Amino acid sequence: MRSSRNVMLGAALSALAIAGALWAESARPSLPVIKKDRTAHPRGVAQKNVAQQNLSQVIIDNIDEYTSATQEQIYHAKIQDPQVPWQEKCQLAIQHRRLALLSSDLGGSLGGTIEHGSSTLRIRVLCPEEATVFEIPATFEVHTAPHPEEVQEMSFDTEMHAIEGSATDTGVFSSFHLVGGTGNGYPSPGHTSLIPAGDGNFAIDSTFNIGYRIEFVGAQGGPLEGASGKIESSIVMKAVNK
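Residues numbered from 1 in each chain as written. Predicted model: local features only at pLDDT ≥ 70, side-chain atom pairs only at ≥ 80, totals over all residues. Heavy atoms only, no water.

Q: What exactly am I supposed to notice about the overall build of the protein here?
A: The secondary structure content of the protein amounts to one helix and 11 strands. Along the protein, from the amino end to the carboxyl end, the secondary structure elements read β-α-β-β-β-β-β-β-β-β-β-β. For the protein, buried positions account for 53% of its 242 residues. Look at the contacts in the protein between residues 6 or more apart in sequence, and 70% of them connect residues 24 or more apart. With the model as given, the accessible surface of the protein reaches about 10100 Å², and the carbon-plus-sulfur share is 49%. (Helix = DSSP H or I, 4+ residues; strand = E, 2+ residues; numbered from the N terminus. Buried < 20%, exposed > 50% of the residue type's maximum accessible area, 1.4 Å probe, protein only. Contact = heavy atoms within 4.5 Å. Areas by Shrake-Rupley, 256 points an atom, 1.4 Å probe, with all protein chains shown as cover.)

Q: What exactly am I supposed to notice about the pattern of salt bridges here?
A: Note on pairing: side chains with opposite charge can pair once their charged atoms come close. Inspection of the entire model under this criterion finds five salt bridges. In this structure, the salt-bridge partner of glutamate 135 is arginine 97, at a minimum N-O distance of 3.8 Å. Taken as a pair, glutamate 135 in strand S6 (residues 130-144) and arginine 97 in strand S4 (residues 91-107) lie far apart in primary sequence, 38 residues in all. Assessed through its relative accessible area of 21%, arginine 97 is described here as partly exposed. Of the charged contacts, one joins glutamate 135 and arginine 98 as a salt bridge, the two residues approaching to 2.8 Å between their closest N and O atoms. Taken as a pair, glutamate 135 in strand S6 and arginine 98 in strand S4 lie far apart in primary sequence, 37 residues in all. When salt bridges that share partners are traced, they join Glu65, Arg97, Arg98 and Glu135 into one network. (Salt bridge = Lys/Arg side-chain N within 4 Å of Asp/Glu carboxyl O.)

Q: Looking at this structure, how should I read the pairing of strand S5 (residues 112-126)?
A: One face of the sheet, then the other: side chains in a regular strand alternate in exactly this way. Counting buried residues in S5 gives 11 out of 15 residues, a clear majority hidden from the surface. Relative to S5, S4 runs antiparallel, the two being bridged by 14 bridges. Paired with leucine 106 across the strands is threonine 113, a residue of S5. A loop of four residues connects S4 with S5, the two strands running antiparallel in sequence, and glycine 108 in this loop sits at a positive phi of about 95 degrees. (Pairing = 2+ DSSP bridges.)

Q: Please explain the side chain of serine 206 as it appears in this structure.
A: Note that serine 206 resides in strand S10 (residues 201-218). Assessed through its relative accessible area of 0%, serine 206 is described here as buried.

Q: Just to check I follow, could you spell out the side chain of asparagine 54 for this structure?
A: With respect to the secondary-structure elements, asparagine 54 resides in the loop between strand S1 (33-34) and helix H1 (55-62). On the basis of relative accessible area, asparagine 54 is assigned to the buried category, the value being 4%. Side-chain polar atoms of asparagine 54 contact the backbone nitrogen of glutamine 57, separated by 3.1 Å. (Polar contact = N/O pair within 3.5 Å; in protein donor to acceptor, adjacent residues only side chain to side chain.)

By themselves, these are just geometric observations and shouldn't be taken as functional.
Below you can see the structure in the form of structure tokens.
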């Protein structure tokens, strides 16, 4: 079933963000900053080591999670079921966290790099008050446009090409599956800029607009018992400071 409204959320790079790091709910923290003593290694290293030595790894090392751009965009979408009207009170808040870059190679839809990673989606369920919080492991693939590997002022397009995570027996859900990204049929453009912040430091302005689908089955005895369905929506995720 389709959500009655789109809601946005924040999330983020090196691919991705979907699920898990659901993103801050209070005043927006400042942009992440790469300290002047943090630099990316130049190209030419062995491919097996590139995940630890490229610019995306430096960025991930300096961000905490991807979260909603504004507090009003916290909630992904209402969970609705025509047979259970009261369940439309339930909403999800999602953060994309603990990003880890596993591998990187040249290519992709934007002609720069393809980056594969793992992350965690932290999901809060509110019906209307908080019913549960759970985390699920996720994998993601981010495509970037060509860009320098050295830390310097720059701006380049990114794309959340794929993101996916699943969980079972969470207390509220007997099953929960999130899938998104351009490669899965949900356009998910993004953009990253490194902005001089003074003293040789650079602020990281990284945002993704991620399209996604959630398929769920409510757990027996929980607030969503008897409900099952599909939510399709999009969220705006923004990198936030550690």
